[in-house]
Amino acid sequence: MFIDTHAHLQFKSFDEDREMVIQRAIENDVAAMITIGTDLTSSLQAVDLAEKYAAVYAAVGIHPTDCAEVADHDFDRIQELATHPKVVAIGEVGLDYYHMRATREKQKNAFVYQIHMAKELKKPLIIHNRESHQDMYEILAEQNLADLGAVLHSFSGDDAFFRKIMELDLYISFTGNITFKKSTSDQLVVQAPLERLLLETDSPFLTPAPFRGKRNEPAYVVHTARKIADLKEIPVEEVARVTSENAVSFFKLDL
Ligand code: NI
């Protein structure tokens, strides 16, 4: 079985066939999927989906590209939502210096605020990090998140950043982009201990080969798992088993 720890099933591109997408995931041995909020509206929608489908869990949070106009009241609503029994993490939260839709200061404030929220609620963090490695590392090192649990999703970065993240005892996950011909992550995948890895699709984005160019969905997580298995020269069953155990304990899933 596989667990897709990062999808956005509430997004518009699933409006036509959401139920079938979830069904197809289950038929393809995806035992659980976590649908991730990026702002208050999508966090509310994530919780709705988690209520409706047993195999769907939710994460709630304000994404760094959506934090420019956020009111304090929105954070309060996120905090309330996060107490829902099917909300298994705060996320996605973090820093994005590529899109820069909010100032660095605003992004850092929203990120740290939500880290405190996660600590208070004792829920792990799902972290987005794009071209913000230095500030990201400083915040993570200061916050001491190993016991709570934090995953850097769609991991990117050089070898030095990777080693620092491992030293902090955090988790990482790779998306379908590791299956692309021009992927530069092969060495990182080989080095990443299986015990520190989670599987994810980031659906509807970052579709793995051979479906690149189409909409991504949780059923395709097997293609990323297979690529990890190939690079590590181990059976895909082992990738599935260990990453599922990781996800169950990291998110305290009750499957
Ligand atoms: Ni995402």
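Residues numbered from 1 in each chain as written. Predicted model: local features only at pLDDT ≥ 70, side-chain atom pairs only at ≥ 80, totals over all residues. Heavy atoms only, no water.

**Considerations on the pairing of strand 7 (residues 171–174)**
Inference 1: Where burial is concerned, the two faces of strand 7 agree: the one with Tyr 171 and Ser 173 and the one with Ile 172 and Phe 174 are both buried.
Inference 2: Summarising the sheet, strand 6 (residues 150–152) and strand 7 pair through two bridges and their orientation is parallel. Looking at strand 7, one finds that Val 151 is bridged to Tyr 171.
Inference 3: At this point the chain moves from strand 6, through helix 6 (residues 159–167), to the parallel strand 7, and the crossover so formed is right-handed.
Inference 4: Note that strand 7 and strand 8 (residues 197–199) share three bridges and pair parallel. (Buried < 20%, exposed > 50% of the residue type's maximum accessible area, 1.4 Å probe, protein only. Helix = DSSP H or I, 4+ residues; strand = E, 2+ residues; numbered from the N terminus. Pairing = 2+ DSSP bridges. Right-handed = clockwise from strand over helix to strand, strands pointing away.)

**Thoughts on helix 8 (residues 221–232)**
Inference 1: With twelve residues, helix 8 should cover 16 Å at 1.5 Å per step; its first-to-last C-alpha distance of 17 Å lies within 8% of that length.
Inference 2: Across the twelve residues of helix 8, nine count as buried, placing the element largely inside the fold.
Inference 3: Every buried residue of helix 8 is listed here: Val 221, Val 222, His 223, Thr 224, Ala 225, Ile 228, Ala 229, Leu 231 and Lys 232.
Inference 4: Buried residues along helix 8 sit against strand 1 (2–7), strand 2 (30–36), strand 7, helix 7 (186–191), strand 8 and helix 9 (236–251).
Inference 5: At the C-terminal side of helix 8, Glu 233 shows a positive phi close to 55°. (Expected span 1.5 Å × (residues − 1). Contact = heavy atoms within 4.5 Å.)

**Focus on unusual backbone geometry**
Inference 1: Note the cis peptide between Ser 203 and Pro 204, where omega equals 10°.
Inference 2: Of note, Pro 204 is situated in the loop between strand 8 and helix 8.
Inference 3: A cis geometry characterises the amide bond from Ala 209 onward to Pro 210, with omega recorded as 5°.
Inference 4: Mapped onto the elements of the fold, Pro 210 is located in the loop between strand 8 and helix 8.
Inference 5: Of note, the phi angle at Met 100 is positive, near 50°, even though the residue is not glycine.
Inference 6: Tracing the backbone shows Met 100 in the loop between strand 4 (87–96) and helix 4 (104–121).
Inference 7: Looking at Met 100, the relative accessible area reads 37%, which means it is partly exposed.

**Section: the coordination of the nickel ion**
Inference 1: The protein atoms donating to the nickel ion are His 6 (NE2), His 8 (NE2), Glu 92 (OE) and Asp 202 (OD), with metal-donor distances spanning 2.2 to 2.3 Å.
Inference 2: Its four donor atoms give the nickel ion angles of 84 to 174° at the centre, a pattern that matches the irregular case.
Inference 3: Sequence positions of the residues that donate to the nickel ion give the spacing H-x1-H-x83-E-x109-D. With His 8 in the loop between strand 1 and helix 1 (18–27) and Asp 202 in the loop between strand 8 and helix 8, the pair connects residues that are 194 residues apart, well separated along the chain. Asp 202 shares its class with His 8; the two are buried. (Donors = N, O, S within 2.8 Å, 3.2 Å for Na, K, Ca; no water. Tetrahedral: all angles 85-135°; square planar, octahedral: opposite > 155°, others 65-115°.)

**Some points on the side chain of Thr 201**
Inference 1: Looking at the secondary structure, you find Thr 201 in the loop between strand 8 and helix 8.
Inference 2: Its relative accessible area of 2% is what places Thr 201 among the buried residues.
Inference 3: Within polar-contact distance, the side chain of Thr 201 engages the backbone oxygen of His 6 at 3.4 Å.
Inference 4: Leaving out residues up to four positions away in the same chain, Thr 201 has contacts with Asp 4, His 6, Ala 7, Thr 175, Leu 206, Asn 216, Glu 217, Pro 218, Tyr 220 and Val 221. (Polar contact = N/O pair within 3.5 Å; in protein donor to acceptor, adjacent residues only side chain to side chain.)

**Concerning the pairing of strand 1**
Inference 1: Among the six residues in strand 1, six count as buried, and that is most of the element.
Inference 2: Across four bridges, strand 1 lies against strand 2 in parallel orientation. In the sheet register, Ile 3 faces strand 2, and the bridge partner there is Ala 32.
Inference 3: Where the polypeptide runs from strand 1 across helix 1 and back to strand 2, its parallel neighbour, the crossover connection is right-handed.

**Points about the packing of aromatic side chains**
Inference 1: The full count for this structure, using the stated rule, is eight aromatic pairs.
Inference 2: Between Phe 250 and Phe 251 the ring centres are 4.7 Å apart and the planes differ by 70°, which places this aromatic pair in the edge-to-face class.
Inference 3: Residue class for Phe 250 comes out buried when judged on its relative accessible area of 6%.
Inference 4: Here the guanidinium or amino end of Arg 212 rests over the ring plane of Phe 180, the centre of that ring lying 3.5 Å away. (Phe/Tyr/Trp six-rings, centres within 6.5 Å; stacked < 30°, edge-to-face > 60°. Lys NZ or Arg CZ within 6 Å of the ring centre and 35° of its normal.)

Read these as geometric descriptors, not functional statements.
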